[in-house]
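Now for the letters of each chain:
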Amino acid sequence: MKVLLSIKPEFAEKILNGTKKYEFRKGIFKNTSVRSVVIYATMPIGRIVGEFDIENIIEDEPEVVWHKTYEHAGISKQFFDSYFDKKKKAFAIKIGNVKKYSTPISLNEMGNNIVAPQSYRYLPAQ
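Residues numbered from 1 in each chain as written. Predicted model: local features only at pLDDT ≥ 70, side-chain atom pairs only at ≥ 80, totals over all residues. Heavy atoms only, no water.

1. Let's talk about the pattern of salt bridges
For the structure on display, the rule yields nine salt bridges. K77 serves as the salt-bridge partner of E63, at 2.9 Å between the closest nitrogen and oxygen. Taken together, the residues span a long stretch of sequence, with E63 in helix α2 (residues 62–69) and K77 in helix α3 (residues 77–83) at a distance of 14 residues. Given the relative accessible area of 28%, K77 is considered partly exposed. Taking the shortest distance from any N to any O, the salt bridge between K77 and D81 comes out at 2.7 Å. Here the residue K77 and the residue D81 both occupy positions in helix α3, the gap between them amounting to four residues, near one helical turn. Residues joined in a network through salt bridges with shared partners are K20, E23 and R25. (Salt bridge = Lys/Arg side-chain N within 4 Å of Asp/Glu carboxyl O. Helix = DSSP H or I, 4+ residues; strand = E, 2+ residues; numbered from the N terminus. Buried < 20%, exposed > 50% of the residue type's maximum accessible area, 1.4 Å probe, protein only.)

2. Quick word on α2
Turning to α2, its buried residues are P62, V65, W66 and T69. Considered in projection along α2, the buried side chains sweep an arc of 100° and stay on one side of the axis. For α2, the secondary structure elements touched by its buried residues are β2 (22–25), β4 (47–60), α3 and β5 (90–105). (Arc of directions from axis to C-beta. Contact = heavy atoms within 4.5 Å.)

3. A short note on the sheet that holds strand β6 (residues 120–122)
With mixed pairing, six strands are arranged side by side in an open sheet as β2-β5-β4-β3-β1-β6. At either margin of the open sheet sits one strand with a lone partner, and together these are β2 and β6. Looking at each pair of strands side by side, their axes are set apart by 35° on average, direction ignored. With four bridges joining them, β2 and β5 adopt antiparallel strand pairing. Paired with R25 across the two strands is F91, which belongs to β5. Relative to the sheet, α2 contacts β2, β4 and β5, its axis offset from that of β4 by approximately 115°. (Pairing = 2+ DSSP bridges. Axes fitted to C-alpha atoms, helices over the stretch in contact; angles between N-to-C directions.)

If you want it as structure tokens, here you go:
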């Protein structure tokens, strides 16, 4: 199963070029059969730019997650701390194989009235 994740353009680019190996989230998908992520780069791009396989998911207190991921986080400690401010739990999705689309796809092209998710959205099987 795949999920569509909204990711800021600068972070989407770092994932696609291999400099960001973890995607951080305050919450994670309930469905444990999710194996890959489709990347929706938020505005001003507003398109699906690629996808990646999920290698594993780290779930722990923010400081522990940072300690395990900081070398390949693709974000600053300051940004991380701000994002997880007052949170007791943090999630880090370990990015596996990455596929960059040669031509970004609009949400309309995905069909099924798919809209940009606030956080994530399960995608129908194709």
